[in-house]
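These are the residues of each chain, in order.
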Number of protein chains: 2
Amino acid sequence: MSESNLLVQTRASLPLDPTLITPLLHRPGVLDRRARIHTTLSKDPLFNKSVKAHLSYHQSQLRSLRIARALLNLKTSEKWSEEDWIEAIRQQDDPMGISLHQDAFVAVLKSQGSDAQWAHWKPLVEAGKVTGCYAQTELAHGSNVAGLETRATLFKDGKEWKFRVETPRTESVKWWIGGLGHLANHALVQAQLWIDGECKGPHLFVVPVRDIENHRPLPGVVVGNIGPKAYGGFSATDNGYLGLKDVTIPVDFMLSRYAGITPEGGYKAAKHSKLSYGSMVALRAGIPEAVGWVLAKGVTTAVRYCLVRRQFGGSMGPQGVLEGETAVVDYASVKFRLVPLLARTYATILTGRAFFDAYKAMLADLMKGETGGLGEIHTASTALKVCVTEDCVAGLEEARRACGGHGFSAHAGFGQWWANIVPSQTYEGDNYVLPQQITRHLLKTLAALHKNASHPLTPSTAYLRNITNRLWSSQRSPVITPSSWLKPEHQLAALQKRSVTLLLNLAAKLKAGKPWNAVTYDCHTLARAHAELYICTSFRSTVSALPDGQVKDFLTKLVNIHTLHTLVHSSLSDLLEAGYINPTQSRSLKEVYEKLVEGVTREEMVLGTDAFGFQDWELGVLGREDGGVYGGLWEEVRSEERGREAEEARQVWLSGRDGKAKL
Amino acid sequence: MSESNLLVQTRASLPLDPTLITPLLHRPGVLDRRARIHTTLSKDPLFNKSVKAHLSYHQSQLRSLRIARALLNLKTSEKWSEEDWIEAIRQQDDPMGISLHQDAFVAVLKSQGSDAQWAHWKPLVEAGKVTGCYAQTELAHGSNVAGLETRATLFKDGKEWKFRVETPRTESVKWWIGGLGHLANHALVQAQLWIDGECKGPHLFVVPVRDIENHRPLPGVVVGNIGPKAYGGFSATDNGYLGLKDVTIPVDFMLSRYAGITPEGGYKAAKHSKLSYGSMVALRAGIPEAVGWVLAKGVTTAVRYCLVRRQFGGSMGPQGVLEGETAVVDYASVKFRLVPLLARTYATILTGRAFFDAYKAMLADLMKGETGGLGEIHTASTALKVCVTEDCVAGLEEARRACGGHGFSAHAGFGQWWANIVPSQTYEGDNYVLPQQITRHLLKTLAALHKNASHPLTPSTAYLRNITNRLWSSQRSPVITPSSWLKPEHQLAALQKRSVTLLLNLAAKLKAGKPWNAVTYDCHTLARAHAELYICTSFRSTVSALPDGQVKDFLTKLVNIHTLHTLVHSSLSDLLEAGYINPTQSRSLKEVYEKLVEGVTREEMVLGTDAFGFQDWELGVLGREDGGVYGGLWEEVRSEERGREAEEARQVWLSGRDGKAKL
Ligand SMILES: Cc1cc2nc3c(=O)[nH]c(=O)nc-3n(C[C@H](O)[C@H](O)[C@H](O)COP(=O)(O)OP(=O)(O)OC[C@H]3O[C@@H](n4cnc5c(N)ncnc54)[C@H](O)[C@@H]3O)c2cc1C
Ligand SMILES: Cc1cc2nc3c(=O)[nH]c(=O)nc-3n(C[C@H](O)[C@H](O)[C@H](O)COP(=O)(O)OP(=O)(O)OC[C@H]3O[C@@H](n4cnc5c(N)ncnc54)[C@H](O)[C@@H]3O)c2cc1C
């Protein structure tokens, strides 16, 4: 067997069939659907991904429009279900205008519009006549939604009530709106509702922005594309801007499932202020699972490539070709980067999935008027979003770097994946703004517990009860022998201690008179600690619930690695400073962690990544299942198109040689 | 004064004139030269940077070639000095083929070629006839230079000695070679020298690859562009590949300042194996200062934008426009990100600069045959490279994120800067490979000290002498009152303790029988600790040497912030675990650090960033000196060209609406 096939060789001796793990990661039917849709799409060269890295921003925007159109047509001709349609969009591997149309415009219209409103828009949407976007952010306001300046003023036009919608100055022009740049003809606009000279706060309005027939901007509408983004990210999304001057819309274009306008032009407030919130966080609730899958691509690629890649330690063979070099995966410096990332990927996907199911259940309750679960879900969604986006973004880049020079090739895949998820740290709530909500919730709980030690707690905050224990501050970790660090209760107790300590420190700062704005950095630290505990707890409990056997044993190893990694890499100084662990315990913790990582075999790394179930078309050249990395890179550079480009470059370089004309 | 002018307002009350600091950062004459060259270049629209974000990879490659040609022509017509020429290249703000020609090909040719060889190539280079690249890395080998497979075999052709140069298999094809993709007609090829069936290891050969006149590949040469890179980075560099089959070159195309071939076809080894090394690390030695300046751009942009950007806390004014909002720079979550980054930028630039001067001095000594300084410079260059590239890359992305959504616009600037420096973690020695050399050096020093307590030490390793102190392991930080943490000796002693502890832990692992490959992750941790200490020490001593006064006071604040940040954010758990500090000291350390950061005023942030001396053309829209951020973003999206694109997009979107033809 040739040297480059250590990957194939390793795969031949897996301890376990990866397809026994796969169903734990994916929702039922997902992989079959994925394969079926892929078969359909692969018939049309339009969907060929290999061109993407060669396009300019504008070309990429046009390709995205062509794809959106083709998908809309296929939806009809292939009689796709909603799930099929969403899968077909996801398969493009890029956020696109049409994704926002589906996930933001349609979803919000459906959940925030009244039944009558949805009945009006549904056929137009389904016929592909109405395409939309979600327009909240303005040039000068994003995080501060209450401070939006776009306004919708109720007025009477003859016998009819209408809204005049406008963006009063350049700074209030809507900005960053995905799908608005080229694709949408309608926008769901967040605007301050003004009635009788009184501002009722932000509400949602359907505003037609382009003509349904000729797709030209409507009168009073200034609309366009905000242009290229950092790192080539979101290059298939037509983020746009929208200025409105004296635009008039009918009164029932204000979404009114919850709040509304009476026939007399009065304001009808929502019954529960929380009701509309539940469905608005749908996008955020889906982020952890989604970015976890992107990290999965990166980790799979890196593990495969690092089994194929060899460097150092060989000797020159008879053909002047090096033999017997070390596969780079066998260097601790590679293993100690990739193994924790593999564990993180499982932690993220499984926690993200469990969380999303809980979110769905809460939503169903909400529809029945039960708002009890909202606080828990809100805090969890916020904490998870912050922690998971940061860790997956950092992890993906770490996996890329583990691939050395070739990781920096666009053909490796990492570049585009990373560039597309990196802004998830900013949108759906900036990662330094959201933590303040989590902190407020935890502080409120703390205050309630101080008043009443048996104040009811939700699962994710149950650990706070500990502070009512008089001995709390003198508690020490009971770990004596290193192997005790493998006991779930000791691991979680340490993470709980850390989170509570950070919370109390923050509370003390406020008590000492620091203003809120002066502790917002600490809020972020606290939110991460809370989220890390949440993830370790949830990951552990998902795996504990599995039937005994090899799958459970393997995943338990990953749970331990992930949890100990969290302890070693994020919690150590907090725990030592709190006196919860002593230097000896700290050293034994590291020792146990290192042993665990060292003990993970190549076979287990392949098992863990093969179990994700990726096909070659979902990954870049470095992630090829057969390890044919070098052949793959070679193919990428040797096409006719590349030849034409080389010839053009030659002529450009020759021209102007004598200080004369440029081409 | 309008709200958006908090930046201008702040600038009006700076505690100090920034131009008093500027000369400490730049080498003499640099800013004047920069302005002069910029004036020349700004006459030609070819150099207009605003188009860059809109180009495809191929278009960007062509633009880079046109620029290279124009610069070569200007060099002659404007009678540029070498410094002018290098400045003109740098001003493009992108690594390009022509940069590699200058920094890698010309520089190595000059330093590794004999005087006679340089005399031969110099006129060809100066006439712009010969353009070159530095071709070391192969498809399957980068880090392992000794394992390169390209070979140059000495043979006799009639009466003349010649080399046959070849890449024996696909895996040995040269890859990633900057400037080779389109621009170079010569390559400096690292190849195994074979004489009489014996391999003498890698040597450098000038290999003509394209015809000087028609620029077509020469016989036996397969050459081309390796294509787009991750994140849109290096899009102006034509990284290329090179396959060689039976290519013959004259014997004196082997660079022979040090090693050479005798007239009889024998091998003449270099006198000192180290001699050639000194100049080969020139590129690496320049990295810290260079990436420090890129971080400076990011920090300047973020500080300026965060003074202009306001979010929350205002109230709706009479025009329906928000007033009195908090400038985001005033949130701790922003300040605690940006202030340490400002300090890091100064630490990096000043340390990088001092190091480069030391490197130059060592090189001069080396030319005189004094090799004594090499070890120190080698270890320092390696440690600095690893630490600084990681910290500046991470810092730049952190600065970008601090700008919220607009930080993700290509017009902000960050994207391209980051994409271009991120591979600095990989090239010129991968950041997990280099640390092993540092570790070996430190271990050797340790062993020598164990044998002989007065073994002579270099400045950067002098701190290791501490281990010869019998009381070493029981030493504790003497800090009692929090303010003692501001004493340089206490700060540096703690960093020294940490570095030594990590070194001893690593040595203990090896002693306990761990193989080298199993500690390579620890090598990286150790190298960082060593480098962090180096930077804090050097930064401190540069600033201490300044005359007393306001400038020194301001910079001393930055030194303290940088050093305490290093202690708090990278060293705390190590110090607590080592028992060097106790929990109380840990808390007081944090407290002092927080107070320092909180004490930095807006004015000082503007002072520190204005002192970098950037002009608007060097930064993106968010970094505008006048704070005209929103107007700038608005201008970017409203050109004729963007209008044409919108119209094209409209037609693409309309076409195929009825499931028919695509455009
Ligand atoms: C790729 C992408 C796609 C997007 N798509 C859409 C879309 O389809 N529709 C839409 O409506 N919007 C969209 N957005 C906008 C996005 O929702 C906002 O950018 C995001 O909410 C952040 O707000 P901001 O840009 O105003 O950041 P800002 O709030 O201005 O943040 C700037 C800085 O201030 C800090 N900060 C702000 N407030 C506080 C505070 N109270 N305390 C402490 N620190 C603070 C932040 O942490 C950050 O460091 C998109 C953005 C991106 C990048
Ligand atoms: C933008 C860019 C420009 C470049 N320009 C040039 C150029 O102009 N000329 C040129 O010749 N080359 C160039 N290169 C190539 C560059 O020098 C190599 O990519 C770099 O040296 C890393 O080597 P590698 O790619 O072989 O990585 P590898 O060594 O294969 O690294 C893969 C992984 O293995 C790990 N690893 C490897 N060896 C060890 C070990 N002994 N111990 C522990 N871990 C190990 C690494 O840390 C990494 O995680 C360029 C590369 C890039 C990305």
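Predicted, not measured: the structure shown is a model, and the values here were computed from it.

Draft legend 1. Local environment of the side chain of His530(B). All names here are of chain B. Within the secondary structure, His 530 is located in helix 15 (residues 520-544). Among the residues examined, His 530 registers a relative accessible area of 2% and is labelled buried. Those residues in contact with His 530 that lie beyond four places of it in its chain are Thr 379, Ala 383, Ile 438, Leu 442, Ser 460, Thr 461, Tyr 463 and Ser 499.

Draft legend 2. Representation of the packing of aromatic side chains in the model. All told, the structure shown has 42 aromatic pairs over all chains when counted by the stated rule. Geometrically, the ring pair formed by Trp293(A) and Phe614(A) is edge-to-face, given 6.0 Å between the ring centres and 90° between the ring planes. Residue Trp293(A) is located in helix 9 (residues 282-308), and its partner Phe614(A) is located in the loop between helix 18 (602-610) and helix 19 (629-637); the two are separated by 321 residues in the primary sequence. Using a relative accessible area of 16% as the deciding quantity, one classes Trp293(A) as buried. Among the aromatic residues, ring-to-ring pairing joins Trp176(A), Tyr231(A), Phe234(A), Phe408(A), Trp418(A), Tyr427(A), Trp176(B), Tyr231(B), Phe234(B), Phe408(B), Trp418(B) and Tyr427(B) into one connected group. A cation over an aromatic ring shows up here: Arg69(A) above the ring of Trp653(B), its NZ or CZ 3.8 Å from the ring centre. A cation sits over an aromatic face here: Lys497(A) above Trp472(A), 3.7 Å from the ring centre.

Draft legend 3. Main features of the pattern of salt bridges. All names here are of chain B. Taken as a whole, this structure holds 80 salt bridges over all chains when the rule is applied. The salt bridge involving Glu 647 is made with Arg 650; its shortest N-O contact spans 2.9 Å. Pair noted here: Glu 647 and Arg 650 are both in helix 20 (residues 640-654), with a separation of three residues, about one helical turn. Assessed through its relative accessible area of 11%, Arg 650 is described here as buried.

Draft legend 4. Looking closely at the UniProt feature "active site" (unreviewed entry) in chain A. Residues and elements named next belong to chain A. The UniProt entry lists Glu 428 under the feature "active site" (unreviewed entry), expressed in the numbering used here. In this fold, Glu 428 is placed in the loop between helix 12 (414-421) and helix 13 (434-451). Discounting chain neighbours no more than four positions away, the residues touching Glu 428 are Leu 283, Arg 284, Ile 287, Lys 385 and Leu 434.

Draft legend 5. Here's a closer look at the sheet that holds strand 7 (residues 221-225) of chain B. If you walk across this open sheet you meet the three strands as 4-8-7 (chain B), and the pairing is antiparallel. Strands with a single pairing partner mark the edges of an open sheet, and in this sheet they are strand 4 (174-177) and strand 7 of chain B. Put simply, the sheet's adjacent strands are angled 15° from each other on average, direction ignored. Bridging between strand 4 of chain B and strand 8 (residues 240-244) of chain B involves two bridges; their strand directions are antiparallel. Along strand 8 of chain B, the bridge assignment pairs Ile177(B) with Gly240(B). Each of strand 4, strand 7 and strand 8 of chain B touches helix 19 of chain A; the most contacted strand, strand 4 of chain B, lies at about 60° to it.

Draft legend 6. Main features of the site of ligand 1. Within the structure, ligand 1 sits among 33 residues, and Thr137(A), Ser143(A), Asp430(A), Arg309(B) and Ala402(B) are positioned closest to it. Neighbouring residues of ligand 1 are distributed over chains A and B. At 3.0 Å from a nitrogen atom of ligand 1 is found a side-chain nitrogen or oxygen belonging to Ser333(B). At 2.7 Å from an oxygen atom of ligand 1 is found a main-chain nitrogen or oxygen belonging to Ala402(B). When isolated, ligand 1 has an accessible area of 970 Å², and the protein chains bury 94% of it. Broken down by secondary-structure element, the contributors of at least two residues to the shell around ligand 1 are strand 1 (132-135) and strand 4 (174-177) of chain A together with helix 10 (332-367) of chain B. The greatest single-element share of the shell around ligand 1, amounting to three residues, is contributed by helix 10 of chain B.

Draft legend 7. The arrangement of the interface of chain B and chain A in detail. Counting residues at the interface gives 134 residues for chain B, matched by 134 residues for chain A. In this assembly, chain B packs against chain A so that about 11500 Å² is buried in total across both faces, 58% of it on carbon and sulfur atoms. Broken down residue by residue, the surface that chain B buries against chain A is led by Tyr231(B), Phe408(B) and Trp653(B), which jointly contribute 9%. Connecting chain B to chain A are 12 salt bridges. Of the charged contacts, one joins Lys514(A) and Glu598(B) as a salt bridge, the two residues approaching to 2.5 Å between their closest N and O atoms.

Draft legend 8. Focus on the site of ligand 2. The immediate surroundings of ligand 2 are formed by 33 residues, with Arg309(A), Thr137(B), Ser143(B), Asp430(B) and Gln436(B) found nearest. Neighbouring residues of ligand 2 are not confined to one chain but are distributed across chains A and B. Between ligand 2 and Gly405(A), the relevant distance is 2.8 Å, taken from an oxygen atom to a main-chain nitrogen or oxygen of the residue. Within the backbone of Gly178(B), an N or O atom sits 3.0 Å from an oxygen atom of ligand 2. In the complex, 94% of the free accessible area of ligand 2, which totals 970 Å², lies under the protein chains. At the level of elements, helix 10 (332-367) of chain A together with strand 1 (132-135) and strand 4 of chain B are the ones that each hand at least two residues to the shell around ligand 2. Looking at the shell around ligand 2 element by element, the count peaks at three residues for helix 10 of chain A. Partitioned by chemical class, the residues of the shell around ligand 2 number 17 nonpolar, 12 polar and four charged.

Criteria and cut-off values
Residues numbered from 1 in each chain as written. Chains lettered and ligands numbered in written order. Predicted model: local features only at pLDDT ≥ 70, side-chain atom pairs only at ≥ 80, totals over all residues. Heavy atoms only, no water. Helix = DSSP H or I, 4+ residues; strand = E, 2+ residues; numbered from the N terminus. Buried < 20%, exposed > 50% of the residue type's maximum accessible area, 1.4 Å probe, protein only. Contact = heavy atoms within 4.5 Å. Phe/Tyr/Trp six-rings, centres within 6.5 Å; stacked < 30°, edge-to-face > 60°. Lys NZ or Arg CZ within 6 Å of the ring centre and 35° of its normal. Salt bridge = Lys/Arg side-chain N within 4 Å of Asp/Glu carboxyl O. UniProt positions renumbered as here; feature names shortened; annotations may be inferred. Pairing = 2+ DSSP bridges. Axes fitted to C-alpha atoms, helices over the stretch in contact; angles between N-to-C directions. Near = heavy atom within 4 Å. Polar contact = N/O pair within 3.5 Å; in protein donor to acceptor, adjacent residues only side chain to side chain. Areas by Shrake-Rupley, 256 points an atom, 1.4 Å probe, with all protein chains shown as cover. Buried area = accessible area lost by both parts, 1.4 Å probe. Nonpolar A, V, L, I, M, F, W, Y, C, P; charged D, E, K, R; others polar.

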